[in-house]
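Architecture and fold: a report
One letter stands for each residue in the lines below.
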Amino acid sequence: MLALVTASDRAAGEPTASQSGPHDGQPVRTAAFFDLDKTVIAKSSTLAFSKPFFNQGLLNRRTVLKSTYAQFLFLMSGADHEQMDRMRSYITNMCTGWDVEQIKSIVGETLHDIVDPLVFAEAAELIADHKLCGRDVVVVSASGEEIVAPIARALGATHAMATRMVVEDGRYTGEIAFYCYGEGKVEAIRALAAREGYALDHCYAYSDSITDIPMLESVGHPTAVNPDRALRKEATSRSWPVLTFTKPVSLRARIPAPSGAAVATTAAVGISALAAGALTYSLLRRFTS
């Protein structure tokens, strides 16, 4: 038995997706929204791809070494709004001109090795619990949609919402079409809720970062998972539940072997991987300034 409060425990007395609404007798559709890095998976999904991109000549050795250090700092302290803004700017400069087909090839060849193992066992159980309660499960991440979507599918999630990059003539322009971060996450959640008929007051949200306060505030049942210091303080002041996930398990059995179609869906994951250098840049400035 996992040492955590399950969705059904916390939702005692709350209507599930199969229960009637308070006024019209219609079922209340609900969802559980999960951040990805350090909430569902034990590492940064963006930092993980540094080595294969180095092997293909897309990153230099110095960037890879920085990425290793940044992974450590990210796991220890996370990233605040200022650092995330720097990361976005750094990505737009670094990725310009990268060939999408090359990214597809690299991701298709390395996906299993990179994501295995990543998922917290506690998160997987919590996701299953929400599904048993009749709720949709939505992964919401600032990482690129081409890495978020396969992981979400492996978890059995209903939807995935993530950052989208602009592509012209088969290459990344360095521009972001949609940044799924901060208020952007709320925008995506509200649009999905309107389309799917979710009653957000009855929905759940989970995140580790203070930057996801808007997402947590957008639902009736917010929960901090492995929170950074600022989010832990905020959760305590608001009496939000706090969960600690510590047991990553292998995704290898959860993700099917990549097919041509699967590889095609992972095209811009390289842009997510580029956040390795971006987050490195911001964190190193933070710790060396």
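- Naming follows an unreviewed UniProt entry, where the protein appears as HAD superfamily hydrolase (TIGR01490 family) of Mycolicibacterium frederiksbergense.
- Among the UniProt annotations of the protein, the heading Sequence similarities (unreviewed entry) holds the following wording: "Belongs to the HAD-like hydrolase superfamily. SerB family."

1. A word on the sheet that holds strand β6 (residues 204-207)
- What the 7 strands build is an open sheet, ordered β5-β4-β3-β1-β6-β7-β8; its pairing is mixed. The open sheet terminates on both sides in strands that have one partner only, identified here as β5 (171-178) and β8 (242-243).
- Where strand β1 (residues 31-34) lies against strand β3 (residues 136-144), 4 bridges are found, and the strand directions are parallel. Note on β3: the bridge partner recorded for A32 is V137.
- Each of β1, β3, β6 and β8 is contacted by helix α6 (residues 121-132), which is oriented at about 160 degrees to β1, the strand it contacts most.

2. A few points about the nonpolar core
- With 27 residues, the main nonpolar core has F34, L36, V40, V139, L155, Y206 and F245 as its most contacted residues.
- Secondary structure elements with two or more residues in this core: β1, β2 (119-120), α6, β3, α7 (145-155) and β6.
- A total of 5 residues in this core trace back to one element, the largest contributor, which is α7.
- Counting 24 residues, the second-largest nonpolar core is a separate cluster that includes V138, F178, A224 and L231.

3. Looking at the environment of L231
- Mapped onto the fold, L231 is located in helix α10 (residues 229-238).
- Sequence separation of L231 and D208 is 23 residues, and the distance between their C-alpha atoms is 7.2 Å.
- Not counting residues up to four positions away in its chain, the partners in contact with L231 are S207, D208, S209, I210, I213, L216, A224 and W240.

Parameters and conventions
- Counting from 1, residues in each chain are numbered in the order their sequence is written.
- Given that the model is predicted, a residue must reach a pLDDT of at least 70 before its local features are reported, and side-chain atom pairs must reach 80 or more before they are shown or counted; all residues, however, enter totals for whole chains, interfaces and linings.
- The side-chain values count all of the structure's non-hydrogen atoms but skip hydrogen atoms and water molecules.
- UniProt positions are given in the numbering used here, feature names are shortened, and annotations may be inferred rather than shown by experiment.
- Pairs of strands are assigned from DSSP output, requiring at least two bridges between the strands.
- Going along the chain from the N terminus, every DSSP run of H or I of four or more residues is numbered as a helix, and every run of E of two or more is numbered as a strand.
- Only heavy atoms matter for contacts: two residues are in contact if any of them lie within 4.5 Å across the pair.
- As a rule, the C-alpha atoms of each element are fitted with a line to give its axis, helices using only the stretch in contact, and angles between N-to-C directions run from 0 to 180 degrees.
- Nonpolar cores are built from buried Ala, Val, Leu, Ile, Met, Phe, Trp, Tyr and Cys residues. Side-chain atoms within 4.5 Å join them into one set.
- The buried label goes to any residue with under 20% of its type's maximum accessible area, the exposed label to any with over 50%, and the partly exposed label to all in between, with areas taken from a 1.4 Å probe on protein chains only.

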